[in-house]
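Per-entry structural report
The residues making up each chain are set out below.
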Amino acid sequence: MKMRCVVTTGPKKIEIREVERPKPGYNQVLVQVGACNICTWEQRVYAGEYPYMYPFNGGHEAAGRIVEIGENVIPEAYPIGAKVAVKTFDACGCCYYCRHGAPNLCTHKLRRSASNTPYEGIKNLGGFSEYICIDIAGIYFLKEDVPIHRGIFAEPLACVVNSINVGKPELGEDVVVIGGGIMGMLHVQLAKLRGCRVIMSEPDEKRRNLAKEFGADILINPLEVDPVEEVKKITDGRGADVVFNTTAIPAVGQQAVNMVGKLGRVIMYSSQHPDAPIQVSPNWLHSSQAVVTGTVSPSVLSFEQSVNLLNKNLVETDKLFYGSFPIEKAQEAFETAIRPDTYRCAIDFADLD
Ligand SMILES: [Zn+2]
Ligand SMILES: [Zn+2]
C-alpha cells in the first residue's frame with residue numbers, strides 16, 4: 001500500500017511523494033497521522049540551513065490514531081483507534097547518557113528516529129506523512145477530548161517541561177522568561193503553574209501582551225530599558241532566581257547570565273545562532289553558587305508530564321496555534337511557518353478528531 005509524504009528536496013522546495021506505507025515491526029505500532037506541526041528545525045532545513053539533509057521528510061510534532069500493531073505488541077495496551085501523540089526522536093537506551101537517565105542526550109539520537117525506516121532514500125523523522133511507524137516507547141495516549149491540534153503540542157511542551165524540571169522554579173520565586181515566542185509562552189505558563197512571579201522580556205508589543213494573557217506579571221521592553229538593570233530593580237537588587245533564555249541571540253545570553261542572582265539558575269533553552277561565546281566570571285560563580293546550564297529536547301519523564309498537562313487541560317495551546325494546511329498546500333504551510341509573525345503552523349493529513 002502507498003502513502004503520501006511531504007519531502008523537502010532543496011531550499012524552499014517541497015514535493016509530495018508517494019512511498020510504500022511502512023509496516024509496524026516488532027514492538028511497533030502504525031499511527032495514522034492527523035496533523036503535524038512545523039517546528040524550527042524543519043523550518044531551518046526548508047530555508048536551506050542544512051543542505052546535507054535533502055531529501056528530507058521532517059515532522060516530529062505529530063498526533064494521530066493507532067491503526068495497526070506489530071509483533072509482540074499487546075492489543076489491549078495499544079488498542080486500534082487510540083488517539084496518541086508520538087515521540088519520534090528515539091534514544092538507543094544503551095549509551096553512556098541513556099544509562100545515566102538522559103536519553104535526550106543520547107549519543108545516537110540524531111541518527112535515529114523512532115520510525116527508523118528511511119523511505120526510499122529520503123531521510124525521515126516521519127511526522128509529515130500519512131502514516132508513521134513508532135516503537136511503543138514513543139507512544140503517549142491522548143484523551144478523546146483533546147483535539148489533534150492540541151495533541152501536536154505534546155513535543156514542544158515536553159521540551160519546555162524538561163527546561164522547567166532543570167531550572168526548578170519554586171513557589172514565590174522570580175522567573176525571567178526572555179523571548180515571547182511559542183517556547184517563551186509555554187515557559188510563562190509553566191512558571192505560573194509553579195507559583196512564581198514571571199517577568200517577560202520581549203521587544204514586540206503584541207507578544208508582550210500575549211505573555212500577559214498567559215499570566216506574566218511584569219513585562220519588559222528590552223529596547224526601551226536595560227533588561228538587566230530592570231530585573232535587578234524589580235528584585236530589590238538581588239537578580240532573578242531563574243532565567244530562561246528562549247532566544248537564539250548571543251548578546252541576550254549574556255544578559256541572561258547578568259540578570260540572575262545568588263543561588264540562581266540560568267537555562268539556555270534555545271540553540272544559539274551564531275554560537276558566539278559569552279562571558280561568565282569564575283569568581284562570580286564561586287561566590288554566587290549560581291548555575292548556568294541548558295536543556296535540549298524532551299526527556300521521557302517530561303514527555304509524559306507534557307501529555308498529562310494537555311490531557312488535564314492545564315496548559316493553553318490554542319493561542320499558540322496559527323492554523324493548519326492540507327497536505328496539498330504543504331509549501332504554503334512552510335511559507336507561513338517561517339514568517340516571524342506566526343506561531344505554530346501544522347500540516348493536516350486526516351481529520352481524526
Ligand atoms: Zn519540535
Ligand atoms: Zn543512547
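This is a predicted model, so every value here is computed, not measured.

For the rest of this paragraph, the subject is the side chain of Thr8. Here Thr8 is to be found in strand 1 (residues 2–10). Using a relative accessible area of 3% as the deciding quantity, one classes Thr8 as buried. The residues contacting Thr8, other than those within four sequence positions of it, are Lys13, Ile14, Val45, Tyr46, Tyr54, Pro55, Phe56 and Phe334.

Here is the key point about a regular strand: its side chains alternate between the two faces of the sheet. Counting buried positions over the five residues of strand 17 (residues 344–348) gives four, a clear majority of the element. Where strand 3 (residues 28–37) and strand 17 come together, three bridges link them in antiparallel fashion. Looking at the pairing, Ala35 lines up with Asp348 of strand 17. Pairing of strand 16 (residues 321–326) with strand 17, which is carried by five bridges, proceeds in the parallel orientation. The residue of strand 17 that forms the bridge with Gly323 is Cys345. Taken together, strand 16, helix 10 (residues 330–337) and strand 17 constitute a β-α-β crossover, and its handedness is right-handed.

Moving on: the domain arrangement of the protein. A common way to express how large an interface is: the accessible area buried when the components associate. Splitting the protein by domain gives domain 1 (2–153 + 317–348) and domain 2 (160–294). For domain 1 versus domain 2, the distance between C-alpha centres works out to 30 Å. With ten residues of domain 1 in contact, the opposing surface of domain 2 contributes 14 residues. Taken together, the two surfaces of domain 1 and domain 2 that pack against each other cover about 950 Å², and 59% of this comes from carbon and sulfur. Summed over the three residues of domain 1 that lose the most area to domain 2, namely Lys319, Leu320 and Tyr343, the buried surface amounts to 55% of that side. Applying the counting rule to domain 1 against domain 2 returns one salt bridge. On inspection of domain 1 and its partner domain 2, the count reaches four residue pairs in polar contact (both at pLDDT 80 or more). For the side of domain 1 that touches domain 2, a count of residues per class yields five nonpolar, one polar and four charged.

Glancing now at unusual backbone geometry. In this structure, the amide linkage connecting Tyr54 to the following residue, Pro55, adopts the cis form with an omega of -15°. Mapped onto the secondary structure, Pro55 falls in the loop between helix 1 (40–47) and strand 4 (56–57). For the bond from His273 to Pro274, the omega torsion is -5°, close enough to zero to count as cis. Within the element layout of this structure, Pro274 appears in the loop between strand 14 (260–268) and helix 8 (282–288). Phi is positive for Asn72, close to 75°, though the residue is something other than glycine.

Moving on, we get to helix 3 (residues 154–167). End to end, helix 3 covers 20 Å across 14 residues, agreeing with the expected 20 Å (1.5 Å per residue, within 8%). The element helix 3 is extensively covered by neighbouring structure, given that twelve of its 14 residues are classed as buried. Buried within helix 3 are the following residues: Ala154, Glu155, Pro156, Leu157, Ala158, Cys159, Val160, Val161, Asn162, Ser163, Ile164 and Gly167. Lys168 sits one or two positions beyond helix 3 and adopts a positive phi of about 45°.

We describe a pair of aromatic rings using the distance from one ring centre to the other and the angle between the two ring planes. Tallied over the full model, the rule gives nine aromatic pairs. Measuring from centroid to centroid gives 5.6 Å for Tyr78 and Phe141, while their planes differ by 40°, and the two rings are tilted. Placement of Tyr78 in the loop between strand 5 (62–69) and strand 6 (83–86) and of Phe141 in strand 9 (residues 139–141) is noted, with a sequence separation of 63 residues between them. The exposure class assigned to Tyr78 is buried, which follows from its relative accessible area of 16%. Between Tyr140 and Phe303, the ring centres sit 4.4 Å apart and the planes meet at 35°, which makes this aromatic pair tilted. Taken together, the residues span a long stretch of sequence, with Tyr140 in strand 9 and Phe303 in helix 9 (residues 300–311) at a distance of 163 residues.

The interhelical angle for the contact between helix 3 and helix 4 (residues 182–193), taken along N-to-C directions, is 55°, at an axis separation of 10 Å. The orientation of helix 3 with respect to helix 4, classified from their angle, is oblique. Relative to helix 4, helix 3 is oriented so that their crossing is right-handed. Contact with helix 3, carried on its side by Pro156, Leu157, Val160, Val161, Ser163 and Ile164, involves Met183, Leu186, His187, Leu190 and Ala191 of helix 4 and no other residues of that element. For the contact of helix 3 with helix 4, the residue count by class is nine nonpolar, two polar and no charged.

Criteria and cut-off values
Residues numbered from 1 in each chain as written. Chains lettered and ligands numbered in written order. Predicted model: local features only at pLDDT ≥ 70, side-chain atom pairs only at ≥ 80, totals over all residues. Heavy atoms only, no water. Helix = DSSP H or I, 4+ residues; strand = E, 2+ residues; numbered from the N terminus. Buried < 20%, exposed > 50% of the residue type's maximum accessible area, 1.4 Å probe, protein only. Contact = heavy atoms within 4.5 Å. Pairing = 2+ DSSP bridges. Right-handed = clockwise from strand over helix to strand, strands pointing away. Domains from an automatic or database assignment. Buried area = accessible area lost by both parts, 1.4 Å probe. Salt bridge = Lys/Arg side-chain N within 4 Å of Asp/Glu carboxyl O. Polar contact = N/O pair within 3.5 Å; in protein donor to acceptor, adjacent residues only side chain to side chain. Nonpolar A, V, L, I, M, F, W, Y, C, P; charged D, E, K, R; others polar. Expected span 1.5 Å × (residues − 1). Phe/Tyr/Trp six-rings, centres within 6.5 Å; stacked < 30°, edge-to-face > 60°. Axes fitted to C-alpha atoms, helices over the stretch in contact; angles between N-to-C directions. Parallel < 35°, antiparallel > 145°, perpendicular 65-115°, else oblique. Left-handed = near helix turned anticlockwise from the far one by under 90°.

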